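Residue-level structural notes
The lines below spell out each chain.
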Amino acid sequence: MNTFVPIEWYYPLYLNFCFFLVLFTLLHTRILKMDDPKNLGFINVTGFILLALIIFHIGQRPISARFGDTMNYFRTYTAYSYGAPILTVNDYGWHVFMQTLSGFISVHGFFTICAIAYIFPMYKVSKEFFGNYWYYSFIMFVVSFSFWTYGVNGMRNGAACSLFLWGVSYHRNKVLMAMFFLFASFFHKTTLLPIFAFIATYFYNNPKVYFKVWLLCIPLSLAAGSLWISLFANLGFGDDDRLAGYLTSQAAAGTFSSTGFRWDFLFHSAFAVFSGWYFVIKRGFEDTMYYKLLNTYFLCNGFWILVINANFSNRFAYLSWFMMAIVIIYPLLKQQFFKDQHFMIGKIMLVYFSFTYAMYYLFWG
């Protein structure tokens, strides 16, 4: 367990370390060419240091209610370590995973393995698509608004969505991809949404149409939000013991999980939408895999917009938000769009991170 950092500084340390790293990266994008050997050395060394540090920081965190559901995972894992059986639960694969590890690994070893399962796939998919420039995609994942929450609170959901990303990194090997998709659904059933959305893009992959569908979801939600919540609950999205509560239970006012049409989070979601619109529709970027990622995002985020008024709708928002980083950065690492594109990448990274930073210090801190 990491005892060097006071618990009240645990999240601010991560946030300000990211702030320093984003500014330092911005400086490099301003003074060095992207393919400069000095820049390649910096991004690869820094990237691996970041990968190791962030896994350690999240995996070795103290057991505290400050980290949301960390306490619940701790209690369940401890019970399994003393021989408790797996009761009737949803996401049975996750509990088999916990029970198996509890027999020979400490709880902090378990949290560290979960951190690896959560963070390593972000590196893997970045390395697969961007090669030597994987750092830019990886740091975008790490500074994302939802990154910390699903590393220490919604661990099961975070790990499952990352397993989906790991599967996408094997897109050339459909058997391996299917296996990772299956593991993801065993960890958290909600990943069936991005899985089915991604599969759908193999049958139809026109981003202009998916973009229009996403836009249509906004007035549909405003006009009949409760209808969509009831519809999806009746279709089985409430079969999970907790998902039923996410859709229909009463949330405490003033929290991140609060109800109402969240224009602030719609604004946040629109970062990736605008990026896709700009590069694909306005600038004519053509890349089949990018279309798949973008269209998967459109479908999953559109679903969230339809149920945005539901209690704890942030749980559904993450089913698209976990892809935001790669949707935004992908075209910039594949094709030249701007005269000084390296510096543009640095500025986009700063703007993207600024939402995360501002939400803590201006609204929550």
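Right above here is the structure, for reference.
Residues numbered from 1 in each chain as written. Predicted model: local features only at pLDDT ≥ 70, side-chain atom pairs only at ≥ 80, totals over all residues. Heavy atoms only, no water.

Overview of the overall build of the protein
Counting secondary structure elements, the protein contains 17 helices and 0 strands. Each of the 365 residues in the protein was classed as buried or not, and the buried ones make up 56%. Pairs at least 24 apart in sequence give 77% of the contacts found in the protein among residues at least 6 apart. (Helix = DSSP H or I, 4+ residues; strand = E, 2+ residues; numbered from the N terminus. Buried < 20%, exposed > 50% of the residue type's maximum accessible area, 1.4 Å probe, protein only. Contact = heavy atoms within 4.5 Å.)

Examining the pattern of salt bridges
This model, assessed by the stated rule, comprises 2 salt bridges. Note that Glu128 and Arg172 form a salt bridge whose closest N and O atoms lie 2.1 Å from each other. Remark: Arg172 occurs in the loop between helix 8 (155-169) and helix 9 (174-187) and Glu128 occurs in helix 5 (residues 107-130); sequence separation between them is 44 residues. Exposure remark for Glu128: the relative accessible area of 26% places this residue in the partly exposed category. (Salt bridge = Lys/Arg side-chain N within 4 Å of Asp/Glu carboxyl O.)

A short note on the packing of helix 1 (residues 10-31) against helix 6 (residues 134-142)
Where helix 1 meets helix 6, the axes come as close as 11 Å, and the angle between the chain directions of the two elements is 150°. Here helix 1 is positioned roughly antiparallel relative to helix 6, judged by the angle of their axes. At the point where helix 1 passes helix 6, the crossing takes the left-handed sense. Packed against helix 1, whose contacting residues are Tyr14, Cys18, Leu21, Val22, Thr25 and Thr29, the element helix 6 presents Tyr135, Tyr136, Ile139 and Val142 at the interface. (Axes fitted to C-alpha atoms, helices over the stretch in contact; angles between N-to-C directions. Parallel < 35°, antiparallel > 145°, perpendicular 65-115°, else oblique. Left-handed = near helix turned anticlockwise from the far one by under 90°.)

Section: the state of the cysteines
Counting across every chain of the model gives 0 disulfides. As a non-bridged cysteine, Cys300 has Cys161 as the owner of its nearest cysteine sulfur, 8.7 Å distant. (Disulfide = S-S within 2.5 Å.)

Re the side chain of Asn39
Residue position: Asn39 is located in helix 2 (residues 37-59). When neighbours within four sequence positions are excluded, Asn39 is seen to be in contact with His28, Leu32, Lys33, Met34, Tyr136 and His342.

Let's talk about empty space enclosed by the protein
Take a probe with the size of a water molecule and roll it over the atoms, and the empty space left behind shows itself. The tally for this structure, following the rule as stated, stands at 4 cavities of 30 Å³ or more. Its boundaries defined by the atoms lining it, the largest cavity holds a volume of some 70 Å³. What lines the largest cavity is simply Tyr118, Met122, Phe141, Ser144, Ser146, Phe147, Ser162, Leu165, Tyr318, Trp321 and Phe322. Of all the secondary structure elements, the ones that give two or more residues to the lining of the largest cavity are helix 5, helix 8 and helix 15 (314-321). Considered class by class, the residues forming the lining of the largest cavity number 8 nonpolar, 3 polar and no charged. (1 Å grid on protein atoms, 1.4 Å probe; cavity = no way out; pocket = protein on both sides within 12 Å on 5 of 7 lines; lining within 4 Å. Points joined across faces, edges and corners; volume = space filled by probe spheres on them. Nonpolar A, V, L, I, M, F, W, Y, C, P; charged D, E, K, R; others polar.)

A short note on helix 13 (residues 263-282)
The first and last C-alpha atoms of helix 13 sit only 25 Å apart over 20 residues, clearly below the 28 Å expected at 1.5 Å per residue. The largest bend along helix 13 reaches roughly 30° and is located at Ala270. Of all the positions in helix 13, only Phe265, Leu266, His268, Ser269, Ala272, Val273, Ser275, Gly276, Tyr278, Phe279 and Val280 are classed as buried. Within two residues after helix 13, Gly284 carries a phi angle of roughly 70°, on the positive side. (Expected span 1.5 Å × (residues − 1). Bend = angle between axes of the 7 residues up to and from the residue.)

Thoughts on the environment of Pro121
When you line up the elements, Pro121 lands in helix 5. Put simply, Pro121 and Ala159 are 38 residues apart on the chain and 9.2 Å apart in space, counted from C-alpha to C-alpha. Ignoring anything within four residues of it in the chain, the contact list for Pro121 reads Ile116, Ser162 and Trp166.

Any functional reading would require information beyond the geometric quantities listed.
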